[in-house]
Amino acid sequence: MTLQALSLVVHSIRAPWGQQRGCSGANQAMSSGKGQCNIAFFPSGWIRGARGLTAWFFWGWVISASCFCLFPFPALAQDLNPQQVQEAIDRAVHYLKVHQRRNGAWPAFLRWDTTPLVALALLNAGVPPEDESLARALNYLRSKRYERTYLVSLQTMVFCHATPQRDLNLIRRNAAWLAAHQITKGPKSGTWSYPPGSGDKSNTQFAMLALWEAERTLQRFGIPSPVSRHVWRRARLFWQRTQNPDGSWGYLTNEPGTGSMTCAGIASLIIAADRLGSGAARVEGQQVQCCGRYEPDVHIQRGLRWLARNFTVHANPNSPGGRWWLYYLYGLERVGRLTAHRKIGQHDWYREGAAVLIQNQDRLSGFWRGVGPEGNHRIVSTALALLFLTKGRRPVLVAKLRYGTPNAHLWNSHPNDVGNLTRYVELRWGRDLTWEVYDMNQATAADYLQAPVLFLSGRGMLSLSQEQVEQLRAYLDRGGFLFAEACCDRPGEFDDAFRLLMERVFPEPELQLRRLSPDHEVWFMEEKVGPEYAGHLWGVNVGCRTAVIYCDTDLSCYWELSRWGRERKLPQQVQQRVQSALSLGLNVVAYATGRKLKYKDMIPRLKLQTARSQAVQRAMLVIPKLRHPGSWNAAPGALLSLQRYLKQELGLIVPTDQRTVSLTDQELFGYHMLFMHGRRAFQFTQEEREALRKYLQNGGFILADAVCASEEFAQSFRREMALLFPGKKLQRIPPDHKLFTPAYGGFDLRVVRRRELSKPNPSQPVGVQEHVRQVPPELEGLELEPGRYCVIFSPLDLSCALESQGVVPCRGYVREDAARLAINIVLYSLQE
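Just so we're clear, the structure is a prediction, and the values are computed from it rather than from any experiment.

### Describing unusual backbone geometry
For step 1, the next point in the chain: Here Pro195 and Pro196 are connected by a cis peptide whose omega angle stands at 5°.
For step 2, the next point in the chain: Secondary-structure assignment places Pro196 in the loop between helix H8 (168-180) and helix H9 (201-220).
For step 3, the next point in the chain: Phi at Asn254 takes a positive value of approximately 75°, unusual for a residue other than glycine.
For step 4, the next point in the chain: In this fold, Asn254 is placed in the loop between helix H10 (229-241) and helix H11 (259-275).
For step 5, the next point in the chain: Of note in this structure, Arg595 is not a glycine but carries a positive phi near 65°.
For step 6, the next point in the chain: For Arg595, a relative accessible area of 38% corresponds to the partly exposed category.

Structural data, given as structure tokens:
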């Protein structure tokens, strides 16, 4: 049931005292034409047994929800709609497929074969290689031996993405061709031409992209690369010496810079640095030197500053007439992804670019039309737009935290660390991922929530403001996860500072940093971790999950070494340490996310609570969490998550913070419903029992669950309910009750998915096994009058599932069904 549907209900509702009720003071506003106020009537018997608190709250809440438009308040910026993004992708895929020729090719563009470009776009859109259309395209491409840089490069990237093992020989052949055709002398040394012709930056960036993909693929299968380091050195020197004084690059040397060529320069320098093994970690003999100094490439930084100053997604910056707009967007996506920047300057490049593309797509046919030469070929334009939409939306695995002054690099001792870990996870999980960097001096909890895991690395002192601490806590309370390490921390300064930081983030005595036990899931979640890290992991357990994991010795150093240069092999002892570090990183992100990662556009930008008008406050559905002595906040993010689901699924106006109340607070009777959970045994005082009895007798409602299926909490809760109402007790709600059907505007939950976990022997390399059974829901209810529950209790876990994105090591419902059960219960409480 949507907010609009709920507001329609008021037209047919009659007050139980038989009088018409309107929005007080609103009739004058109606005459001005600023809005409409619905008159409400409660029909007798519509709310079964409705009286007192529940009837008052529901009537007042629905009326205010339908009338809040009378009062002006700032409109919220509309977020990117993931359904629109997916529909745009689907339309584009369909358009490209229907224009494929029988031989598997697509129509040429200026006598150039477009097939490899289109095939690459379809692959990135999720079309599998065995798809009939792509299978024909791959067979066609295998039959072609191109002699042009663009075509050889795109063909190579297709093979690397689609069927790398089958096409290894073709990948190596193409890599050798590209290496042999690099210009090695003169002012164009380090470039590629079409050929024929002189070298240019566009051909050069495509050749470098292809060689990068080829080398990573060949390395994955243990095949030596045919590309020497001199190829990469020459290319890097070319881009460095041809950068314009303002930080841009032009198509030819000394030409004014454009957005597309500046993107090419930035991405090419990042690729060259990756292939040449630049970074702070190095191996000397059998020893690893982790603590070298890393200096960022000034050419990349200057290029990014130019791009930020000239940023737009509506045209190719500084190009006459905005020509090659979609070609530029494809390059912009690459820069954003390779630099791990969610924003270029102050611009969220993906959300802004995707919004413009969705707006400009031909909705009927699914194509895009570019600007300039690309605009004359819809297939090329559509393929380029599709590459931006699909590659740019890749799920974020980890966000690395930047802190300190702009010139301090203590947070980034190993710049390739998280990127290399992400690549390792991509190969293990078989899906494309990305990572980002967030600046703690600017980021809020809303920014942090765009990433499921934050990574904090440091050496030396760590000093955060109170505001930064509060934003971090807000992120963790909303289900976020912090992964931290002390890097090169020989004096122990960072270790001391991090422990103090955790005391500030979690002042509660029970939320302390403790050494992880040997049977914790991160030791064997997906791969067995070697003995190198035994005793070095610490964690903060927040309710039913570990929300912080801290390693007091080097991890990032070994992640950086995992992509060592291109010619030198690591000593066996070092390689074992590298593998242990990668396995530990893999296990931690698997634990934190449960492998359930969302595309960028599917993660809404949280609107943090700000001052609101009285109308919005009246329209807001507030469900406070009940404070009690039984570990009342065992899952801090559970209620926040439920509120987000209520907004997402029903369109309700809810707080973005957590409200709490105790049974002795006067405002208790201002709420129609309480949320209660816990993990420990407890008992109420006599004063608290009297207040709760009065609250329930006057129409109040409680939704409660035993966190992680805690039996001691369940026993305490059942005992307290029996003491409140002698002669009545909690009883199993029949599986065919209307509560479990869409009768109140919710979901059909007569069968739900329940989670059962088995933890293997830690000596085994395979981790936690989750077994899901389909069963009827198991809820208990307390009736004060026949047919109306005033208390609904789940002895199985709801809260941990609501709170956690990752593994939930306890019995209960899967996250989606836990949320739907809670939504059904909220709707029931409002209508019964």
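### Remarks on the confidence of the model for the chain
For step 1, the next point in the chain: Residue-level pLDDT values for the chain average 86, and 86% of them are 70 or greater.
For step 2, the next point in the chain: Between residues 1-78, whose pLDDT stays under 50, and residues either more than four places distant or in other chains, the model counts 142 contacts.
For step 3, the next point in the chain: In this model, residues 609-616 is a region of pLDDT below 50 whose contacts with residues beyond four sequence positions or in other chains number 17 contacts.

### Section: H11
For step 1, the next point in the chain: If you check H11, its first and last C-alpha atoms are 24 Å apart, about what 17 residues at 1.5 Å a residue would give, namely 24 Å.
For step 2, the next point in the chain: The buried fraction of H11 is high, at 17 of 17 residues.
For step 3, the next point in the chain: Once H11 ends, the next one or two residues include Gly277, with phi positive near 70°.

### Description of the state of the cysteines
For step 1, the next point in the chain: The tally for this structure, following the rule as stated, stands at one disulfide.
For step 2, the next point in the chain: With a sulfur-sulfur separation of 2.0 Å, Cys290 is cross-linked through a disulfide to Cys557. Taking the sign of the S-S torsion, about -80° here, the bridge from Cys290 to Cys557 comes out left-handed. Within this pair, whereas Cys290 is found in the loop between strand E2 (287-289) and helix H12 (298-309), its partner Cys557 is found in helix H20 (residues 556-561), the two being separated by 267 residues in sequence. Each member of the pair, Cys290 as well as Cys557, is classed as buried.

### Comments concerning the environment of Gln301
For step 1, the next point in the chain: Relative to the elements of secondary structure, Gln301 occurs in helix H12.
For step 2, the next point in the chain: For the pair Gln301 and Gly247, spaced 54 residues apart in sequence, the C-alpha separation works out to 8.3 Å.

### Section: the environment of Asp432
For step 1, the next point in the chain: Topologically, Asp432 is positioned in the loop between helix H16 (417-429) and strand E6 (434-439).
For step 2, the next point in the chain: Using a relative accessible area of 32% as the deciding quantity, one classes Asp432 as partly exposed.
For step 3, the next point in the chain: Beyond its immediate sequence surroundings of up to four residues, Asp432 is in contact with Asn124, His161, Arg394, Pro395 and Glu426.

### So, the pattern of salt bridges
Two side chains with opposite charge may pair up if their charged atoms get near one another.
For step 1, the next point in the chain: Throughout the structure, instances matching the rule amount to 34 salt bridges.
For step 2, the next point in the chain: A salt bridge links Arg627 to Asp665, with the shortest nitrogen-to-oxygen separation between them at 3.2 Å. Note that Arg627 is positioned in the loop between strand E12 (625-626) and helix H23 (638-650) and Asp665 in the loop between strand E13 (660-661) and strand E14 (673-678), a separation of 38 residues in sequence.
For step 3, the next point in the chain: As a salt-bridge pair, Arg753 and Asp817 come within 3.1 Å of each other at their nearest N and O atoms. Of this pair, Arg753 sits in strand E17 (residues 752-758) while Asp817 is found in helix H27 (residues 815-831), placing the two residues 64 residues apart along the sequence.
For step 4, the next point in the chain: Here the salt bridges do not stand alone but share partners, grouping Arg342, Asp348, Arg351, Glu436 and Lys600 into one network.

### Things to note about helix H13 (residues 325-338)
For step 1, the next point in the chain: Counted at 1.5 Å a residue, the expected span for H13 with its 14 residues is 20 Å, and the 20 Å between its end C-alpha atoms agrees.
For step 2, the next point in the chain: Counting buried residues in H13 gives 14 out of 14 residues, a clear majority hidden from the surface.

### Focus on the packing of aromatic side chains
For step 1, the next point in the chain: For the structure shown, the criterion picks out 29 aromatic pairs.
For step 2, the next point in the chain: When the centroid spacing of 6.0 Å and the interplanar angle of 70° are considered together, the rings of Trp324 and Tyr327 count as edge-to-face.
For step 3, the next point in the chain: On the basis of relative accessible area, Trp324 is assigned to the partly exposed category, the value being 27%.
For step 4, the next point in the chain: For Tyr327, a relative accessible area of 11% puts it in the buried group.
For step 5, the next point in the chain: Through pairs of rings, three or more aromatic residues link up here, namely Trp112, Tyr150, Tyr194, Phe206, Trp324, Tyr327 and Tyr330.
For step 6, the next point in the chain: We note Arg393 situated over the ring of Tyr599; from NZ or CZ to the ring centre the distance is 3.9 Å.

Conventions adopted
Residues numbered from 1 in each chain as written. Predicted model: local features only at pLDDT ≥ 70, side-chain atom pairs only at ≥ 80, totals over all residues. Heavy atoms only, no water. Helix = DSSP H or I, 4+ residues; strand = E, 2+ residues; numbered from the N terminus. Buried < 20%, exposed > 50% of the residue type's maximum accessible area, 1.4 Å probe, protein only. pLDDT = per-residue confidence, 0-100. Contact = heavy atoms within 4.5 Å. Expected span 1.5 Å × (residues − 1). Disulfide = S-S within 2.5 Å. Salt bridge = Lys/Arg side-chain N within 4 Å of Asp/Glu carboxyl O. Phe/Tyr/Trp six-rings, centres within 6.5 Å; stacked < 30°, edge-to-face > 60°. Lys NZ or Arg CZ within 6 Å of the ring centre and 35° of its normal.

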